[in-house]
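Per-entry structural report
Now for the letters of each chain:
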Amino acid sequence: MSQISIKSPKHCAKQGAVNIGTRYKKIFFTISGLFTSILSIILLVWLILHPNKPQFSLQQADIYQLNLSAGPQLLNSSIQLTLLAKNPNQKVGIYYDQLQVYASYKGQQITVYSSLPPFYQGHQDSNLLTASLVGTGLPVAPALGYEVGRDQTAGKLVVNMKVYGRLRWKVGTWVSGRYRVNVDCVAVMAFGPTLPAGVPLSSKQGTQCSTTV
């Protein structure tokens with residue numbers, strides 16, 4: 001005599017739920033594996049290329065005005081700046097976004113911010129960047145006048161030219177997110193007790209600047 005096996009509706013529903021759950025798990029693991037593989041490939045390419053931070057050097061800085069007004073310590077300044085920016089990478093391009101430039105003396109900002117236009121820099125390309133930095137009636141510490149006088153007696157004036165902003169790396173068609181970039185250039189100028197009228201204080205060095213990304 002043959003044996004007849006009859007499954008209850010409850011048992012069939014349970015088996016169907018198990019099959020659906022298994023199918024969803026397979027889809028989930030497949031998508032997760034694909035996503036992980038893509039991320040691994042991107043990370044591997046990034047590690048192989050390993051982009052180097054851009055290189056900046058000071059080409060020229062000319063100070064046309066650096067005067068303290070009488071009464072409240074208010075500073076008037078005028079500086080012309082030229083920097084050389086270089087991309088040292090052979091396979092990575094750089095997008096420069098939101099670059100701001102200003103001058104600092106003895107830890108005090110002596111010009112307002114000046115914006116540089118955003119630009120793209122190809123592999124191992126170099127670009128000259130110029131900026132006109134000015135300050136009109138900027139409040140400064142009372143000791144600034146004393147520091148300027150002391151440097152004039154010493155015959156040397158040291159001013160920091162600073163750039164900050166954001167950049168993006170470009171590898172093929174892939175472009176990274178934004179990274180903060182900070183540049184600090186030191187301009188050293190002869191600053192004697194007597195200077196010809198109308199002649200700016202100048203620094204022509206071509207020295208490397210400090211860059212952090």
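See above for the structure.
These numbers come from a predicted model, not from an experiment.

The rules behind the values
Residues numbered from 1 in each chain as written. Predicted model: local features only at pLDDT ≥ 70, side-chain atom pairs only at ≥ 80, totals over all residues. Heavy atoms only, no water. Salt bridge = Lys/Arg side-chain N within 4 Å of Asp/Glu carboxyl O. Helix = DSSP H or I, 4+ residues; strand = E, 2+ residues; numbered from the N terminus. Buried < 20%, exposed > 50% of the residue type's maximum accessible area, 1.4 Å probe, protein only. Arc of directions from axis to C-beta. Contact = heavy atoms within 4.5 Å. Core = buried A, V, L, I, M, F, W, Y, C linked by side-chain atoms within 4.5 Å. Pairing = 2+ DSSP bridges.

1. A look at the pattern of salt bridges
- All chains considered together, the criterion is met by six salt bridges.
- With a closest N to O distance of 3.3 Å, arginine 178 and aspartate 97 form a salt bridge. Placement of the pair is arginine 178 in the loop between strand 9 (174-175) and strand 10 (179-191) and aspartate 97 in strand 3 (residues 93-105), with a sequence separation of 81 residues.
- Looking at aspartate 97, the relative accessible area reads 9%, which means it is buried.
- With its nearest N and O atoms 2.9 Å apart, the salt bridge here joins glutamate 147 to arginine 150. In this pair, glutamate 147 and arginine 150 both sit in helix 2 (residues 144-154), three residues apart, roughly one turn of the helix.
- Look at glutamate 147 and you get buried, because its relative accessible area is 18%.

2. Some points on helix 2
- Within the sequence span of helix 2, burial applies to Leu144, Glu147, Val148 and Asp151. Here the buried residues of helix 2 occupy an arc of 100° about the axis, which is enough to place them on one side. Exposed residues lying more than 90 degrees from the buried face of helix 2 are Tyr146 and Thr153.
- Looking at the buried side of helix 2, the elements it contacts are strand 1 (55-68), strand 2 (74-86), strand 3, strand 4 (108-109), strand 8 (155-171) and strand 10.
- Glycine 155 occupies a position one or two residues after helix 2 and carries a positive phi of about 85°.

3. Regarding the nonpolar core
- In this structure, Leu58, Leu81, Leu133, Val159 and Met161 are the most contacted members of the largest nonpolar core, which totals 40 residues.
- Broken down by element, this core gets its largest block of residues, seven residues, from strand 8.

4. Remarks on the pairing of strand 3
- Where burial is concerned, most of strand 3 is hidden: eleven out of the 13 residues are buried.
- Where strand 3 and strand 8 come together, ten bridges link them in antiparallel fashion. The residue of strand 8 that forms the bridge with serine 104 is asparagine 160.
- Here strand 3 runs beside strand 6 (residues 119-121); their pairing, made up of three bridges, is antiparallel. Bridged to tyrosine 96 within strand 6 is phenylalanine 119.
- Alignment of strand 3 against strand 5 (residues 114-116), held across three bridges, turns out to be antiparallel. Pairing of glutamine 100 across the sheet is with serine 115, part of strand 5.
- Sheet topology note: the strand 3/strand 4 ladder contains two bridges and is antiparallel. Within the sheet, the bridge partner assigned to serine 104 lies in strand 4 and is glutamine 109.

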